[in-house]
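A look at the structure
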Amino acid sequence: MPEIKVTPLGAGQDVGRSCILVSIGGKNIMLDCGMHMGYNDDRRFPDFSYITQNGRLTDFLDCVIISHFHLDHCGALPYMSEMVGYDGPIYMTHPTKAICPILLEDFRKITVDKKGETNFFTSQMIKDCMKKVIPLNLHQTVQVDDELEIKAYYAGHVLGAAMVHIKVGSESVVYTGDYNMTPDRHLGAAWIDKCRPDILISESTYATTIRDSKRCRERDFLKKVHETIERGGKVLIPVFALGRAQELCILLETFWERMNLKAPIYFSTGLTEKANHYYKLFITWTNQKIRKTFVQRNMFEFKHIKAFDRSYADNPGPMVVFATPGMLHAGQSLQIFKKWAGNDKNMVIMPGYCVQGTIGHKILNGQRKLEMEGRSTLDVKLQVEYMSFSAHADAKGIMQLIRMAEPRNMLLVHGEAAKMEFLKGKIEQEFSIDCYMPANGETVAVTTNPSVPVDISLNLLKREMTLGGPLPDPKKPRTMHGTLIMKENSLKLVSSEQALKELGLNEHQLRFTCRVQLQDPHSDSDTLHRIYTHLKSVLKDYTIQHLPDGTVMVESIVIKVSSSAEDANAKVLLLSWSYQDEDLGSYLSSLLKKGLPT
């Protein structure tokens, strides 16, 4: 039986370094190629030696698909294509293609220029890698080659994020990347067809969480920011340059306007201008409200939010600063955090998920003494708040997507093992489908039952309807009788008359005959009448006729009686039937072999 194999090289029972290999119908596809925020050594990138020990990856992969621009999904792409070696097609949506190189370059600057790391990709490698990218449009079926086709669906999460439906013949896989089933202030909710894939590979970051209402969280967030500002404290909000940042900027902008607040709000990154430029450029990827108001004003041009300068961090008085990156593992957000950590008036609000090993993860787990680089320790006195503005699906959202797509099997990635285990149980219980959660380097093989599509002629369908059967139910299998013909690689079920006509053949009637020996002392005509009476009493639902020509007919079955030459009491019954009544003919012959009732 054919099977689909799935192997995570990253994000197997872990968050970070998303990279999943899928083998389907003889094709090999890499889904995402990310880096891990919690490591600075070899574990930062996926282990590509799993694919091949030596040589380029081009010979082993048919294509690479990137779901969105977050670095844990695309951060290892230049390393994979330029340093390990891959020249095949790389697919991503238009916004991802525009934003991805900016984030990769920013990440390269922090790693190489500031930390002085070697064995890392260069600016030129990022450019060369992006030349291999083929942009995807939503709902457009793209033929990668003669057999492999892919289609992108809207995933919410961040600008340009997409889920992909991968199909080879009748086998298919859906990969969600990161997605959000609830719309927010600047993006819509994820959506997919009822495509019934063999496997749905879903992220499970918030596998056990059911988030409270968004409005409560927003109110809570604004209350905490406002209270800190009122007591003269500073608020640090570590964010990634695109996504939650825009969401929270829109929220604070409207609150500042409504409350007429004067404390400054800053955004610390040159990326913001570019980010907002791309939001304008790809306005069709945002939600309905933003598209409507865009005609009068651009929601991403902020009146109260100004660009941040490094020197502002030491300014007295209250302020709110959005700084990148979002997990406090490097960059400007970490610099500001170090400066403000010692004052209990200040607050840091973590608006999204933090990977293990990052400063963000440590302070959320209550660590108050941090070991920094150069063996120095940092006392954390400021208030630490966690508020999930994360654009990932929660447990309810994941279940909702399963109902939407109706997969035959489920596979969880991008989550923590214990939480995955819980969700796996829930999915198997509610949907009665198998759910897998492989670790990195572990392969799951799912056997598929490929269905062969067959067209049915209209005449045959009409005939079925006139026979008075129940109306066809699309969810229930139905038996159809006809002739299967193959023309130009497609199969068609037609009536036998149509098949003969199309193939230019003559019709032949095929009949089966059978002799049954019977002991009966009566005359031939009496024996025939006794057979007629016996069958009438046994076969109440069938048409049984005693014909003048000395035969009995049951449907198309003809029964004749003749005496044996050797023995006058022995009768020979001759049964004859067409192939349509094969079952009934066999039943009658075995019934008459038992003899007639006395």
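Given the structure is predicted, the values throughout are model-derived calculations rather than measurements. Here, residues in each chain are numbered from 1, in the same order as that chain's written sequence. Under the rules for a predicted model, residues below a pLDDT of 70 receive no local features and side-chain atom pairs below 80 are neither given nor counted, while totals for whole chains, interfaces and linings still include all residues. Hydrogens and water are ignored here; the side-chain numbers use all heavy atoms of the structure.

As a further point, take the side chain of Ser67. Relative to the helices and strands, Ser67 is located in the loop between strand S4 (63-65) and helix H1 (71-74). Whether a residue is buried, partly exposed or exposed follows from its accessible area with a 1.4 Å probe, protein chains only, as a fraction of its type maximum: under 20%, in between, or over 50%, in that order. With relative accessibility at 2%, the residue Ser67 sits in the buried group. Residue contacts for Ser67: discarding those within four places in its chain leaves Asp32, His73, Thr96, Gly160, Ala161, Ala162, Tyr175, Gly177 and Asp178. Helix and strand definitions here come from DSSP, where helices need a minimum of 4 consecutive H or I residues and strands a minimum of 2 consecutive E residues; each element is numbered from the N-terminal end. For this analysis, residues touch if any pair of their heavy atoms sits within 4.5 Å.

For two strands to pair, DSSP has to find at least two bridges joining them. Here we have five strands laid out as an open sheet, ordered S26-S30-S29-S28-S27, and antiparallel in their pairing. Here the strands that pair on one side only, and so sit at the sheet edges, are strand S26 (511-519) and strand S27 (544-547). In this sheet, neighbouring strand axes are inclined to one another by 20° on average, regardless of whether the strands run parallel or antiparallel. To get an axis, fit a line to the C-alpha atoms, keeping to the stretch in contact for a helix; angles then go from 0 to 180 degrees between the N-to-C directions. The strands touched by helix H15 (residues 524-538) within the sheet are S26, S27, strand S28 (551-554), strand S29 (557-563) and strand S30 (570-578), with S29 carrying the most contacts at an inclination of about 145°. Packing against the sheet, helix H16 (residues 582-593) makes contact with S26, S28, S29 and S30, and its axis sits at approximately 170° to S30.

Taken domain by domain, the chain comprises domain 1 (3-210 + 391-443), domain 2 (214-386), domain 3 (455-503) and domain 4 (511-594). Those domain boundaries reflect an automatic or database domain assignment. Taken over C-alpha atoms, the centre of domain 2 sits 92 Å from the centre of domain 4.

Our focus in this paragraph is the nonpolar core. By nonpolar core is meant a set of buried Ala, Val, Leu, Ile, Met, Phe, Trp, Tyr and Cys residues that side-chain atoms within 4.5 Å join together. One finds Met30, Phe48, Ile201, Phe337 and Ile363 to be the most contacted residues of the largest nonpolar core, which totals 131 residues. With seven residues, helix H3 (residues 94-114) is the largest single contributor of residues to this core. Counting residues domain by domain, this core receives three or more from each of domain 1 (3-210 + 391-443) and domain 2 (214-386). Other than its neighbours up to four places away in sequence, Ile201 contacts Val6, Ile20, Val22, Leu31, Val173, Val174, Tyr175, Thr176, Leu411 and Val413. Leu222, Ile229, Cys249 and Ile250 belong to the second largest nonpolar core, which has 29 residues in total.

This part covers the pattern of salt bridges. Where charged atoms from two side chains of opposite charge approach closely, those side chains can pair. By convention in these notes, a salt bridge is any Lys or Arg side-chain nitrogen within 4 Å of a carboxyl oxygen on Asp or Glu. A complete count under the given rule lists 26 salt bridges for this structure. A salt bridge links Lys132 to Glu82; the nearest nitrogen and oxygen atoms lie 2.8 Å apart. Here Glu82 lies in helix H2 (residues 77-85) and Lys132 lies in the loop between helix H4 (123-130) and strand S6 (133-136), a separation of 50 residues in the sequence. You can call Lys132 buried: its relative accessible area is 18%. Where Asp524 meets Lys571, a salt bridge forms, and the shortest distance between an N and an O atom there is 3.7 Å. Of this pair, Asp524 sits in helix H15 while Lys571 sits in strand S30, placing them 47 residues apart in sequence. What makes Lys571 buried here is its relative accessible area of 2%.

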